[in-house]
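Coordinates in review
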Amino acid sequence: TQLLEQSPQFLSIQEGENLTVYCNSSSVFSSLQWYRQEPGEGPVLLVTVVTGGEVKKLKRLTFQFGDARKDSSLHITAAQPGDTGLYLCAGPVGGSQGNLIFGKGTKLSVKP
Amino acid sequence: GAVVSQHPSRVICKSGTSVKIECRSLDFQATTMFWYRQFPKQSLMLMATSNEGSKATYEQGVEKDKFLINHASLTLSTLTVTSAHPEDSSFYICSASPLGGDGETQYFGPGTRLLVL
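Reference entry: report on the structure contained in this document. Here, residues in each chain are numbered from 1, in the same order as that chain's written sequence. To read the labels, note that chains go from A and ligands from 1, taken in the order they are written. Per-residue local features of the predicted model are confined to residues with pLDDT of at least 70, and side-chain atom pairs are confined, for both listing and counting, to 80 or more; whole-chain, interface and lining totals are unaffected and use all residues. In computing side-chain properties, one takes all heavy atoms of the structure into account and sets aside hydrogens as well as water.

**Comments concerning the nonpolar core**
Throughout this description, the term nonpolar core refers to a set of buried Ala, Val, Leu, Ile, Met, Phe, Trp, Tyr and Cys residues connected via side-chain atoms within 4.5 Å. Categorising residues by exposure relies on relative accessible area from a 1.4 Å probe, with only protein chains included: less than 20% of the type maximum marks a residue as buried, more than 50% marks it as exposed, and the intermediate range marks it as partly exposed. Counting 24 residues, the largest nonpolar core has W35, F67, L79, Y92 and L114 of chain B as the members making the most contacts within it. Helix and strand definitions here come from DSSP, where helices need a minimum of 4 consecutive H or I residues and strands a minimum of 2 consecutive E residues; each element is numbered from the N-terminal end. Only strand 2 (10-13), strand 3 (19-25), strand 4 (30-38), strand 5 (44-51), strand 7 (67-73), strand 8 (76-81), strand 9 (90-98) and strand 11 (112-116) of chain B provide two or more residues apiece to this core. What L114 of chain B contacts, discounting residues up to four positions off in sequence, is V11, C13, V19, V81, D88, S89, S90 and Y92 of chain B. Core analysis: the second largest hydrophobic core is formed by 22 residues, L46, V47, L74 and A79 of chain A among them. Note on definitions: a residue-residue contact is assigned when non-hydrogen atoms from the two residues lie within 4.5 Å.

**Observations regarding the packing of aromatic side chains**
Residues and elements named next belong to chain A. Aromatic pairs are defined between Phe, Tyr and Trp rings, using the six-membered ring for Trp, whenever the two ring centres lie within 6.5 Å; interplanar angles under 30 degrees are classed as stacked, those over 60 as edge-to-face, and all others as tilted. Within the structure shown, the criterion is met by eight aromatic pairs over all chains. Ring centres of Y35 and F102 lie 5.6 Å apart, and the angle between their planes is 45°; this geometry places the pair in the tilted category. Of the two residues, Y35 is situated in strand 4 (residues 32-37) and F102 in strand 10 (residues 100-102); the sequence distance between them amounts to 67 residues. For F102, a relative accessible area of 10% gives the class buried.

**Thoughts on the sheet that holds strand 3 of chain B**
Residues and elements named next belong to chain B. Spatially, the four strands line up as an open sheet ordered 1-3-8-7, and their pairing is antiparallel. The open sheet has two free edges, formed respectively by strand 1 (4-7) and strand 7, since each of these has just one partner strand. Taken pair by pair, the neighbouring strands of this sheet meet at an average axis angle of 15°, ignoring direction. Note that strand 1 and strand 3 share four bridges and pair antiparallel. For two strands to be treated as a pair, DSSP must find at least two bridges joining them. Fitting a line to C-alpha atoms yields each axis, with helices limited to the stretch in contact; the angle taken between N-to-C directions then spans 0 to 180 degrees.

**Some details on the interface of chain B and chain A**
At the junction of the two partners, chain B supplies 21 residues and chain A supplies 20 residues. In short, buried area is how much 1.4 Å probe accessible area vanishes from two parts on joining, totalled over both. Summed over both partners, the interface of chain B with chain A comes to about 1500 Å²; 49% of that surface belongs to carbon and sulfur atoms. When the area that chain B buries against chain A is broken down by residue, the three leading residues are S43, E104 and F108 of chain B, summing to 33%. Each salt bridge in this description consists of a side-chain nitrogen of Lys or Arg and a carboxyl oxygen of Asp or Glu lying within 4 Å of one another. Where chain B touches chain A, the interface holds zero salt bridges. Any pair of N or O atoms that falls within 3.5 Å is considered a polar contact. Within protein, one atom must be able to donate a hydrogen and the other to accept it, and sequence-neighbouring residues count only if both atoms are side-chain atoms. Where chain B meets chain A, there are four residue pairs in polar contact (both at pLDDT 80 or more). Elements represented by at least two residues in the side of chain B that touches chain A include exactly strand 4, strand 5 and strand 9 of chain B. Gly is placed with the polar residues, together with every amino acid not listed as nonpolar (Ala, Val, Leu, Ile, Met, Phe, Trp, Tyr, Cys and Pro) or charged (Asp, Glu, Lys and Arg). Classifying every residue of the side of chain B that touches chain A gives eight nonpolar, ten polar and three charged.

Rendered as structure tokens:
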């Protein structure tokens with residue numbers, strides 16, 4: 001069974017700090033996706049990483065896919081209150097028609 | 001582009017009644033639509049996958065007679081929670097995979113909050 005473990009579960013920081021959240025698995029994924037979800041809303045796709053070792057940047061967010069495609073990280077530089085939310089990683093379930101499995105998420109709170 | 005809507009956004013119903021939730025892809029056609037539920041402080045759990053014109057595929061442990069899915073067109077899927085009970089209270093989210101896309105990208109709706117009294 002493919003599982004995605006995210007850490008930390010909760011993170012509360014001050015505005016301006018840097019942070020990294022992790023998404024790990026014992027299984028290889030063809031790709032991993034990162035989403036941000038705000039309370040009462042659906043997840044919004046931030047990025048998809050496909051190639052082992054790949055690094056993608058989205059303004060202050062840096063996403064990395066592990067060389068072995070079993071893990072990924074999200075690094076936020078100079079966090080802002082607007083970054084507050086639940087960050088979810090997800091990956092396709094092998095052999096299924098686009099089905100995704102999700103990690104439990106990291107709940108980030110950035111205080112002004 | 002790639003907007004998915006859900007209706008209603010929240011619903012309160014009495015135990016024993018049925019509730020229908022609509023999921024629409026507004027500016028694209030969707031090969032496949034997915035239904036998830038999310039309990040408080042937990043992640044999304046896939047309930048079922050539906051393709052237009054065919055029967056939905058349900059995940060293990062999800063009762064197909066309780067959660068009826070109809071995928072009438074390439075832009076509309078409905079989830080009906082039949083004979084709802086308080087334990088069905090949850091946040092239901094749909095997503096859609098674009099026709100002609102990579103098969104892995106899904107666009108999510110804003111969710112429907114169901115409260116069964």
